[in-house]
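Listed below are the residues making up each chain.
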Amino acid sequence: MLRKIHFRLAALCTGITCCILFAMSLAYLYISEQGLKKSSFISFQNDMNTVISNMEQQTVITHEWLTKLEDNGKYQINLIDNGVPFLYNERNDEAQKERFAAAWDYFHSHFAVTPVLSPYTTWHIEFPFSYHKEEYYACASVSERRDTVFQALILFPLTSLERQIRLQRFLFLLLDLIAALALALFSWYFTQKILRPLDENQKKQIQFIASASHELRTPLSVILSCASASRISSGEEQKRFLSSIQSEGTRMARLIDDLLLLTGSDSQNLSCEIRPAELDTLLLEVCEAFEPLASEKKLKLSVHLPEKILPPCLCDKNRIRQVLEILLHNAISYTPEDGTIILSLSREKHAFHLSVADNGIGIPDSDKPHIFERFYRADSSRNLKEHFGLGLSIAAGIVKAHRGQLLVSDTPGGGSTFTLILL
Ligand code: ADP
């Protein structure tokens, strides 16, 4: 699914950027070609002004002058004296003669206005002309010389200009193709980077659903088997089955509550009623509530409070109580008999530090980065029935909603210390 989206997104990005690129290249090419044609026509007109004024100064037009003017095929010249073609033109082949005839026809049909001539002045005009798909600039001139009308037609083939335009087009196409390739690679990489969090999120969700289903299946199967067994049993045995059903049902209800809380923290919907709260009182209350459980496990539970009275902290007292309960419950679970658990409160740089330190089994460094993940349980705790591996992720979600921090470190001498920092 994400692969498909990735491919489509990359294709869309590449398609749009390439369209813009090609449109811009075409516009640039068009403007540049127009400029090239205009400047080459102007330079042809300038050349023709020089040639015509040169021609005006010649009393006799010589063969050498014409050959020099032709400049190795740069220009093609056709001269007509009083309606009779110059002998020089006899060198032209049939194709060339036809081309000149077509150019003269074009000139006569398009520039029908007869110029007013004064002796020894030459009237001339330059125009673009195409013959059999070949492009030319043409210059037609008419002058009066010793009672005769002298006409000249000079053709300038645009082969070099066309070659230049073709080369420019080819280079642009090549550059556009390279740019399109680079854009495709970039889009592929860029969209992959954008979609990576989505991909990771999807994987996490799948993992979460799989783990939640797995955790729910265990109490459910106990409930079902106890229910069917209680039907065929009676007396004390039936009571035992019913009490198992109740305790597994309670376990399921707690797990569902935890899952709902995590879903709320995921969608930023974790409700927090922020009010000023006295953390020292809260710590004492939590300690008092866990005292029986701690003494049941023969653990020493104590509270360290600062000597000075601390100002109230802006937080949701009940949620922070929930975090402390999770930490304390874990500390009691993972500390062997005769261990010590210390709850402490301090204020450092305007932040409240609440910590739960135990001298229990501790958390290996390799497990530390994972303990806040959902359903993560270190191997040693897998057989603890009331632990789903959700406690710390719920605590982290609540702390995140308070914009605080939850840190884990080793207790000097062994065990773990969890520190909750609130602003
Ligand atoms: P659980 O419900 O399994 O305790 P948690 O999310 O609260 O899940 O904790 C995740 C894991 O972190 C536990 O399975 C345990 O391995 C480890 N852990 C948490 N607190 C402690 C502690 N005080 N001492 C040692 N290990 C702990």
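Owing to the predicted nature of the structure, the values given are computational and were not obtained by experimental measurement. Starting afresh in each chain, residues are numbered from 1 along the sequence in its written order. A pLDDT threshold of at least 70 governs which residues receive local features in this predicted model, and a stricter bar of 80 or more applies before side-chain atom pairs are shown or counted, although totals over entire chains, interfaces and linings include all residues. For the side-chain quantities, the full set of heavy atoms in the structure was used; hydrogens and water were omitted.

> Please give an account of the overall build of the chain that cites residues and values.
Secondary structure counts use DSSP, requiring at least four H or I residues in a row for a helix and at least two E residues in a row for a strand, with both numbered from the N terminus. Across its full length, the chain carries eight helices and 12 strands. Counting every position in the chain, which comprises 423 residues, the buried fraction comes to 39%. Throughout, a residue-residue contact means that at least one pair of heavy atoms, one from each residue, lies within 4.5 Å. For the chain, the share of sequence-separated contacts (at least 6 apart) that also reach a separation of at least 24 residues comes to 68%. Charge assignment: positive for Lys and Arg, negative for Asp and Glu; neither His nor the chain ends contribute. Where a charge sits is defined by one atom per residue type, namely NZ (Lys), CZ (Arg), CG (Asp) or CD (Glu). Charge-centre separation for the chain: the mean point of 43 positive side chains lies 5 Å from the mean point of 48 negative side chains. Burial here depends on accessible area, computed with a 1.4 Å probe over protein chains only, as a share of the maximum for the residue type. Under 20% is buried, over 50% is exposed, and the range in between is partly exposed.

> Tell me about helix H7 (residues 317-333), and name the residues and values.
To estimate how far a helix should reach, multiply one less than its number of residues by 1.5 Å. With 17 residues, H7 ought to run about 24 Å at 1.5 Å a step, and its terminal C-alpha atoms sit 24 Å apart, in line with that. By the burial criterion, the buried members of H7 are Arg319, Ile320, Val323, Leu324, Ile326, Leu327, Leu328, Asn330, Ala331, Ile332 and Ser333. Throughout this description, a polar contact denotes any pair of N or O atoms lying within 3.5 Å of each other; where both atoms belong to protein, one of them has to be capable of donating a hydrogen while the other can accept it, and for residues adjacent in sequence the pair is counted only when both atoms sit in side chains. The opening residue of H7, the one whose side-chain oxygen lies 3.1 Å from the backbone nitrogen of Asn318, is Asp316.

> Explain the packing of aromatic side chains residue by residue, including any values.
Any two of the Phe, Tyr and Trp rings considered here, Trp counted by its six-membered ring, make a pair once their centres fall within 6.5 Å; the pair's planes then place it as stacked at under 30 degrees, edge-to-face at over 60, or tilted in between. The full count for this structure, using the stated rule, is 16 aromatic pairs. Between Tyr106 and Phe127, the ring centres sit 5.5 Å apart and the planes meet at 25°, which makes this aromatic pair stacked. Of the two residues, Tyr106 sits in helix H3 (residues 94-110) while Phe127 sits in strand S3 (residues 122-131), which places them 21 residues apart along the sequence. Through a chain of ring-to-ring contacts, the aromatic side chains of Trp104, Tyr106, Phe107, Phe111, Trp123, Phe127, Phe129, Tyr131 and Tyr136 assemble into a single cluster. Think of it as a cone above the ring: NZ of Lys or CZ of Arg counts as a charge over the ring if it is within 6 Å of the ring centre and within 35 degrees of the ring normal. It is Arg347 that lies over the ring of Phe352; its NZ or CZ is 4.6 Å from the centre.

> Talk me through a nonpolar patch on the surface; I want residue IDs and the actual numbers.
A patch consists of residues whose relative accessible area exceeds 30% and which take part in no salt bridge; residues with like charges are grouped when within 9 Å of each other, and nonpolar side chains (Val, Leu, Ile, Met, Phe, Trp, Tyr) when within 5 Å. Each accessible area value is a Shrake-Rupley result obtained with a 1.4 Å probe; residue values ignore everything except the protein chains displayed when judging cover. We define a salt bridge as a side-chain nitrogen of Lys or Arg found within 4 Å of a carboxyl oxygen belonging to Asp or Glu. A grouping of Leu167, Phe170, Leu171, Leu174 and Ile178 is seen on the molecular surface, where their side chains present a nonpolar patch of about 490 Å² in accessible area. Positionally, Leu174 belongs in helix H4 (residues 159-231).

> Summarise the sheet that holds strand S9 (residues 340-348); cite the residues concerned and give the values.
Read across the open sheet, the five strands follow the order S7-S9-S10-S12-S11; overall the sheet is mixed. Edge strands, defined here as strands with exactly one partner in the open sheet, are strand S7 (300-304) and strand S11 (405-410). The sheet shows a mean angle of 15° between the axes of neighbouring strands, direction not considered. Here six bridges tie S11 to strand S12 (residues 416-422), and the two strands are oriented antiparallel to one another. From the neighbouring strand, Leu406 faces S12, where its bridge partner is Leu420. Axis lines are fitted through C-alpha atoms, for helices just across the contact stretch, and the angle between N-to-C directions can take any value from 0 to 180 degrees. Across the sheet, helix H6 (residues 279-296) lies against S7, S9 and strand S10 (351-358), angled at about 175° from S7, the strand it touches most. Note: two strands are recorded as paired if DSSP finds a minimum of 2 bridges between them.

> Tell me about unusual backbone geometry, residues and numbers included.
Of all residues except glycine, most have a negative phi; of all peptide bonds, most are trans. Phi angles above zero are rare outside glycine, and His132 is one such case at about 50°. Examined against the element boundaries, His132 turns out to sit in the loop between S3 and strand S4 (134-145). With a phi close to 55°, Lys298 is a non-glycine residue in the positive phi region.

> Kindly report on the pairing of S10, identifying the contributing residues and their values.
Of all eight residues in S10, eight are buried; the element is thus mostly enclosed. Burial along S10 is two-sided: the residues Ala351, His353, Ser355 and Ala357 and Phe352, Leu354, Val356 and Asp358 are all buried. For S9 and S10, the ladder comprises eight bridges, and the chain directions are antiparallel. Each residue of the ladder has a partner; that of Glu348, found in S10, is Ala351. The antiparallel hairpin formed by S9 and S10 contains two residues in its connecting segment, where Lys349 sits at a positive phi of about 50°. Bridge count between S10 and S12: six bridges; the pairing is antiparallel. Along S12, the bridge assignment pairs Val356 with Phe418.

> Lay out helix H5 (residues 235-266) in plain terms, naming residues and giving numbers.
The terminal C-alpha atoms of H5, which comprises 32 residues, lie 47 Å apart, in line with the 46 Å expected from a rise of 1.5 Å per residue. Those residues of H5 not exposed but buried are Phe241, Glu248, Arg251, Met252, Leu255, Asp258, Leu259, Leu261, Leu262, Gly264 and Ser265. Following H5 by one or two positions, Gln268 adopts a phi angle in the positive range, close to 55°.

> Before we move on, could you go through the packing of H5 against helix H8 (residues 391-401) and cite the residues and values that matter?
With their axes 10 Å apart at the nearest point, H5 and H8 run at an angle of 35° to one another. The interaxial crossing formed by H5 with H8 has left-handed handedness. Each of Asp258, Leu261, Leu262 and Ser265 in H5 lies in contact with H8, whose residues at this interface are Ser393, Ile394, Gly397 and Ile398. Three classes are used: nonpolar for Ala, Val, Leu, Ile, Met, Phe, Trp, Tyr, Cys and Pro, charged for Asp, Glu, Lys and Arg, and polar for all others, with Gly counted as polar. Partitioning the contact of H5 with H8 into residue classes produces four nonpolar, three polar and one charged. In this scheme, a crossing is called left-handed if the near helix is turned counterclockwise away from the far one by less than a right angle; it is called right-handed if the turn is clockwise.

> I'd like a description of the environment of Glu337, backed by residues and values.
Tracing the backbone through its elements, the reader meets Glu337 in the loop between H7 and S9. In sequence terms Glu337 and Glu296 are 41 residues apart; their C-alpha atoms lie 9.3 Å from each other. Other than its neighbours up to four places away in sequence, Glu337 contacts Lys297, Lys298 and Leu299.

> Can you tell me about the packing of H7 against H8, naming the residues and giving the values?
Running from N to C, H7 and H8 cross one another at 150°; their axes reach a closest spacing of 9 Å. Taken as axis vectors, H7 and H8 run roughly antiparallel relative to one another. Like other packed secondary-structure pairs, H7 and H8 cross with a definite hand, here left-handed. On H8, the residues touching Arg319, Gln322, Val323, Ile326, Leu327 and Asn330 of H7 are Gly391, Leu392, Ile394, Ala395, Ile398 and Val399. Broken down by class, the residue content of the contact of H7 with H8 amounts to eight nonpolar, three polar and one charged. Here roughly perpendicular refers to angles of 65 to 115 degrees, roughly parallel to angles under 35, roughly antiparallel to angles over 145, and oblique to all remaining angles.

> Summarise the environment of Cys313; cite the residues concerned and give the values.
Mapping Cys313 onto the fold places it in strand S8 (residues 313-315). For Cys313, a relative accessible area of 0% translates into the label buried. Spatially, the C-alpha atom of Cys313 lies 22 Å from that of Gln268, the residues being 45 residues apart in sequence. Non-local contacts of Cys313, meaning those with residues more than four positions away in its chain, are made with Arg275, Pro276, Ala277, Leu279, Phe352, Leu422 and Leu423.

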